[in-house]
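Understanding the architecture of this molecule
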Amino acid sequence: MTRRRSAAERWFAILRRTLLTVLGVQVALAVSMSLVDSYRRRGKRPRPFPTTPPQRVPVGEGDVTTYTFGQDLYDAMLAAIEGARRRVLLETYIWKGDEVGERFKAALVAAAERGVEVHVIFDGFANLVVSPRFKHFPPSVKVLRYPVYAAGWRFFDLRRYGRDHRKVLVVDDEVGFVGGYNIGTAYATEWRDTHVRITGPGVGDLTRAFADFWNLHRRRRLGHSEPPLLLESASTWDPRIRIHRNVPRLWMFPIRSVYLEAIHRASSRIWLTQAYFLPDQDFVDALKAAALRGVDVRLLVPLKSNHVVADWISRGYYSQLLMAGVRIFRYRDAMVHAKTATVDGSWSTVGTANVDRLSLSGNYEINVEVIDPGFAAVLERVFEVDQTHCLELRIDEWEARDLHRKFTEQVLGPLRPLL
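Only a predicted model underlies this, so the values are computations on that prediction, with no experimental measurement involved.

Observations regarding the sheet that holds strand β12 (residues 241-246)
Ordered by their spatial adjacency, 8 strands build an open sheet running β12-β19-β18-β17-β13-β14-β15-β20, and the pairing between neighbours is mixed. Only two strands of the sheet have a single partner each, and these edge strands are β12 and β20 (390-393). If you compare each strand with its neighbour and ignore which way they point, the axes differ by 15° on average. Here 5 bridges tie strand β13 (residues 269-274) to strand β14 (residues 296-302), and the two strands are oriented parallel to one another. If you follow Leu-272 over to β14, its bridge partner there is Leu-299.

Here it is, written out as structure tokens:
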């Protein structure tokens, strides 16, 4: 009995050491790649890239305006804040303390000083490197800093580990903004992203999304808690525009389902632009099945994103996608950070959610779903312009890649569920 137990213990020890060694190699490789990539990027500036001017289309009882250049978007957002009469609700993931960040802060403080109700939410972890001075606001601005660690004593409650990855601005319940843009000087001119400005019933949904997050996470101390944010907003239903929210605290993740439903229904084309493409296998299978039944499936991703490890892990899907007939376009010379899709020239989505595990089943995210041919035509035109700045990946080129690249993809592959 003792001999058997000893043998089992030895095998268990060997297995444990093997697993730890493999994990150590993966982590070391990922860290090394990130450091090398960071060194190579020093002093490099993105080159100019093509964009489309803001385009407005009527949708239902309101309209949707699409922005693909950060400076155009920031001008519109700041104009809305400066014209606010009653209330401003701003939520963002990253808020840099640079020139653009200071402009937004000054506009919000000025609005509060003239009597506008101003509420602000930002993610604590995403802004760790931002100066504490910048993150200090006067009492007239109500601020919710989503904590770096939100689980408290509930260490094993996975619902409390999601980051607030949303980017939302609502002014006077009349106009709302949502999309991929964070706030910062680099994003104004150096990143290719997509954001939308909406009016009509959809603005009420954005208002409720902000209030629900605020009330779910408002500060609670012993003996008292901050009062909830009570907002009166219209509850008109518009079948052509809907807001979908991932809320990990409530275990709600509808955005993945919205994507899959649209992909399964596609009959002619699916055009996806994604900053970080790290889907689960079911998502990959849905795209493959669409391509195999004759749908024109195109995936546009960065040639080199700001997260080199995510790039390498994403490439693990390329072989099966290319073999199924999916066309892959890699955006060059700048970071494409958009999270958009169009299907069959009718269905579209723009938002904050990447097609990866963190966004689809981990973080707080928000996407707008629009069923309207006019808006889909705008996004398809944006895709076509972006495509002119891409290198298409051919299957023969992909299969001929170096052995060390294939090895790196295999080593990093097991990290995929973590991203």
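Thoughts on the nonpolar core
In this structure, Tyr-74, Val-88, Trp-95, Phe-104, Val-118 and Phe-177 are the most contacted members of the largest nonpolar core, which totals 42 residues. Taken domain by domain, the makeup of this core includes at least three residues from each of domain 1 (55-239) and domain 2 (249-415). Phe-104 has contacts with Tyr-74, Met-77, Leu-78, Ile-81, Trp-95 and Ile-183, leaving out every residue within four places of it along the chain. Residues Leu-272, Leu-299, Val-326 and Ala-353 belong to the second largest nonpolar core, which totals 34 residues.

Remarks on the pairing of strand β7 (residues 175-179)
Burial runs high along β7: 5 of the 5 residues are buried. Neither face of β7 is open: one carries Val-175, Phe-177 and Gly-179, the other Gly-176 and Val-178, and all of them are buried. Strand direction decides the pairing type here: strand β6 (residues 168-171) and β7, joined by 4 bridges, are antiparallel. Bridged to Val-168 within β7 is Val-178. Where β6 hands over to β7, the hairpin turn is made up of 3 residues, of which Asp-172 adopts a positive phi near 55°.

Some details on helix α7 (residues 281-292)
Compared with the 16 Å implied by 1.5 Å per residue over 12 residues, the 16 Å span of α7 between its first and last C-alpha is a close match. Residues of α7 that are buried include every one of Phe-283, Val-284, Ala-286, Leu-287, Lys-288, Ala-290 and Ala-291, and no others. With a side-chain oxygen lying 3.0 Å from the backbone nitrogen of Asp-282, the N-terminal cap of α7 falls on Asp-280. Looking one or two residues beyond α7, the residue adopting positive phi is Gly-294, at roughly 100°.

Quick word on the packing of helix α6 (residues 254-265) against α7
At a closest axis distance of 9 Å, the pairing of α6 and α7 adopts a crossing angle of 20°. In terms of orientation, α6 lies roughly parallel with respect to α7. Where α6 crosses over α7, the handedness of that crossing is left-handed. Here α6 contributes Arg-256, Tyr-259, Leu-260, Ile-263 and His-264 to the contact with α7, which in turn contributes Asp-282, Phe-283, Ala-286, Leu-287 and Ala-290. Class assignment of the residues belonging to the contact of α6 with α7 gives a composition of 7 nonpolar, 1 polar and 2 charged.

Topic: the UniProt feature "domain: PLD phosphodiesterase" (unreviewed entry) in the protein chain
Per the UniProt record, the feature "domain: PLD phosphodiesterase" (unreviewed entry) sits at residues 160-187 and 332-359. In this annotation, residues 160-187 is assigned 11% helix and 32% strand; the end-to-end C-alpha distance for the span is 29 Å. Along residues 332-359 one finds 11% helix and 43% strand; the C-alpha atoms at either end are 24 Å apart.

Cut-offs used in this document
- Residues numbered from 1 in each chain as written.
- Predicted model: local features only at pLDDT ≥ 70, side-chain atom pairs only at ≥ 80, totals over all residues.
- Heavy atoms only, no water.
- Pairing = 2+ DSSP bridges.
- Helix = DSSP H or I, 4+ residues; strand = E, 2+ residues; numbered from the N terminus.
- Axes fitted to C-alpha atoms, helices over the stretch in contact; angles between N-to-C directions.
- Core = buried A, V, L, I, M, F, W, Y, C linked by side-chain atoms within 4.5 Å.
- Buried < 20%, exposed > 50% of the residue type's maximum accessible area, 1.4 Å probe, protein only.
- Domains from an automatic or database assignment.
- Contact = heavy atoms within 4.5 Å.
- Expected span 1.5 Å × (residues − 1).
- Polar contact = N/O pair within 3.5 Å; in protein donor to acceptor, adjacent residues only side chain to side chain.
- Parallel < 35°, antiparallel > 145°, perpendicular 65-115°, else oblique.
- Left-handed = near helix turned anticlockwise from the far one by under 90°.
- Nonpolar A, V, L, I, M, F, W, Y, C, P; charged D, E, K, R; others polar.
- UniProt positions renumbered as here; feature names shortened; annotations may be inferred.

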